[in-house]
Amino acid sequence: MPIARRDFLKTAGGVGGLALAPRFADAEAQIARATQGTPAPRIKDISVIECEPEGVRLTVVKITTDQDGLYGYGCATFTQRADLVKPAVERYLKPFLLNKTTDRIEDIWQSCYDSSYWKNGPVLNNAISGIDQALWDIKGRQAGMPVYQLAGGKCREAADSYAHASGAEFEEVVENAKRYMAQGFRNVRVQVGLPGMSGYGSQHKDSGRPKALHDKPLFDPAAQSRRALKLLEVCRRELGDEVELLHDMHERLTPNQAVQFCKEAEQFRMFFLEDPLSPEDLGYFRQIRQNCATPIAMGELFNSPHEWQPLIAEQLIDYIRVHVSQVGGFSPARKIAILAEQLGVKTAWHGPGDVSPIGHMANVTLDVVSYNFGIQEYSPFNERTKAIFQGCPEMRDGYLWVSEKPGWGIEIDEKEAAKAPFTTSPLNGGWGELRLRDGTVIKQ
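Residues numbered from 1 in each chain as written. Predicted model: local features only at pLDDT ≥ 70, side-chain atom pairs only at ≥ 80, totals over all residues. Heavy atoms only, no water.

Draft legend 1. Local environment of the sheet that holds strand β1 (residues 43-51). One open sheet holds the three strands; their spatial order is β1-β2-β3, and the pairing between them is antiparallel. In the strand order of this sheet, the two ends are held by β1 and β3 (71-75), each with one partner. On average, each strand axis in the sheet is tilted by 20° relative to the strand beside it, whichever way the strands run. Inspection of the sheet shows strand β2 (residues 58-65) paired to β3 by five bridges, in the antiparallel sense. From the neighbouring strand, I63 faces β3, where its bridge partner is G72. The strands touched by helix α13 (residues 357-369) are β2 and β3; relative to β3, the strand with the most contacts, the crossing angle is about 85°. (Pairing = 2+ DSSP bridges. Helix = DSSP H or I, 4+ residues; strand = E, 2+ residues; numbered from the N terminus. Axes fitted to C-alpha atoms, helices over the stretch in contact; angles between N-to-C directions. Contact = heavy atoms within 4.5 Å.)

Draft legend 2. Local environment of the environment of G374. Secondary-structure assignment places G374 in the loop between α13 and β11 (376-377). Relative accessible area serves as the criterion here: at 17%, G374 is assigned to the buried category. Once residues within four sequence positions are removed from consideration, G374 is found in contact with F271, Y319, K346 and T347. (Buried < 20%, exposed > 50% of the residue type's maximum accessible area, 1.4 Å probe, protein only.)

Draft legend 3. Local environment of the nonpolar core. Grouped together as the largest cluster of nonpolar side chains are 112 residues, with contacts concentrated most on I63, I131, F261, F285, I320 and F389. Element by element, the count of residues in this core is highest for helix α5 (residues 122-143), at eight residues. In this view, I131 contacts I46, V61, I63, L93, L97 and I108; residues no more than four positions away in its chain are not counted. Membership of the second largest hydrophobic core comes to eight residues, among which are Y162, F272, A348 and I375. (Core = buried A, V, L, I, M, F, W, Y, C linked by side-chain atoms within 4.5 Å.)

Draft legend 4. Fine view of the packing of helix α7 (residues 170-182) against helix α8 (residues 221-239). In contact at an axis separation of 10 Å, α7 and α8 are set at 45° when each is read in the N-to-C sense. Viewed along their axes, α7 and α8 adopt a mutual orientation that is oblique. You can see that α7 and α8 cross each other, and the crossing is right-handed. Of the residues in α8, those touching α7 at F170, V173, V174, A177, K178 and M181 are R227, K230, L231, V234, C235, E238 and L239. (Parallel < 35°, antiparallel > 145°, perpendicular 65-115°, else oblique. Left-handed = near helix turned anticlockwise from the far one by under 90°.)

Draft legend 5. Just the packing of helix α12 (residues 330-342) against α13, in detail. The contact between α12 and α13 brings their axes to 11 Å, and the two run at 30°. By the criterion of interaxial angle, the relationship of α12 to α13 is roughly parallel. The two elements α12 and α13 meet at a crossing, and its hand is right-handed. Across from F330, A333 and R334 in α12, the residues of α13 making contact are A362, T365, L366 and V369. Across the contact of α12 with α13, the residue classes tally to five nonpolar, one polar and one charged. (Nonpolar A, V, L, I, M, F, W, Y, C, P; charged D, E, K, R; others polar.)

Draft legend 6. Main features of the pattern of salt bridges. One pass over the structure, following the stated rule, counts 28 salt bridges. With its nearest N and O atoms 2.9 Å apart, the salt bridge here joins K154 to E404. Of this pair, K154 sits in the loop between α6 (147-150) and β4 (159-167) while E404 sits in the loop between β14 (399-401) and β15 (411-412), and the two are 250 residues apart along the sequence. On the accessibility criterion, E404 (47% relative accessible area) is partly exposed. (Salt bridge = Lys/Arg side-chain N within 4 Å of Asp/Glu carboxyl O.)

Draft legend 7. Fine view of the state of the cysteines. Tallying each qualifying case throughout the model produces zero disulfides. Unpaired in this structure, C112 has its nearest cysteine sulfur neighbour in C75, at a distance of 17 Å. Given a relative accessible area of 1%, C112 falls into the buried group. (Disulfide = S-S within 2.5 Å.)

Draft legend 8. Spotlight on the packing of aromatic side chains. The full count for this structure, using the stated rule, is 11 aromatic pairs. Here the aromatic residues Y162, F271, F272 and Y319 are joined through ring pairs into a cluster of three or more. Residue placement shows R57 over the ring face of F422; its charged tip is 5.3 Å from the ring centre. The side chain of K62 reaches across the aromatic face of Y71, ending 4.9 Å from its centre. (Phe/Tyr/Trp six-rings, centres within 6.5 Å; stacked < 30°, edge-to-face > 60°. Lys NZ or Arg CZ within 6 Å of the ring centre and 35° of its normal.)

Purely spatial values, then, with no claim about function.
Here you go:
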């Protein structure tokens, strides 16, 4: 039978009993901490770290708690409208969140999401992502565990990744692909330039520009389609059958052209074709599915559940590749992965150069905890970025490895970040314009 501490001390009596008292007090304190927990940290401050290492504007949210030395980082990078994220965080979300406890991540996400009344905008989603990921970082630091442990632990050791091989001509693409294969990559995305025009994902020769009714960047969907099919033919012949080939159409074809391209590309046995259609043309995925077995990846432009839910529910795509901060952070992306798993769709999170290392660590964390992981897009970190973000995900033999340190495992040198402030350009980070020969602007 257990006995109360007071009764025990009476029974023990004398000096011996008094000597035991401090030990019992310590034991009781330990039990209280274990059963009741320490007080939940509260949000003391929220700040935004902006930096531009080597031309890429990155935005990170930092949440500081009322417990000494406890803070967290979250990626909120939205390069094309970078100047808008900081005020969204500091002028709108910060007053709403100050003094709230950091332990209720889901509650905070839902209340932030609802706070603007109009939802699913890219600026607010990225701002919420910064908050969400910072809270996960804090929870991991509290627990002394990497975030992947808090999400259930690993399903795999590391994330199989693909690299980008591009060139103005076919030979250059093949050469760059072989270089990545020599580094251990088993998956390569291939892109080739469009002579005299602005293709996607590669340089192009300026000579031979077709006649057009304007002097703006020029694009011809039919020419791009022919060029890309020839590229896949050359790469499959020169690189062999062992390497997995990927290609990004970047939603630049008309819906009917996209259906035709997917049918003709089937013979080259790609790992997947990325973004054959724009988010405005989702209904045409049914035609693609009905006409061919080319694996399809889609989603980097999505902001709203109304965009990805039908494609997953109807099994019209093979890979969901949303941009994690665009959909609101780690929490909603984890839910997307779970939904996709139930319907046989795999993950392939967007991983371009304009994602902070915090965002890349969130990607690879999702990769290792999601049973339905498919592949991870990889963009290398330059030395300037690694000087600011200490602890970037590591690439070894074509696999991206998650950190084993608490939280995201990344520390930011804010003094180094301050040495690389945002700069401006004529387009301020935007895409600019791309036009057909007659001057019509196109989606890109």
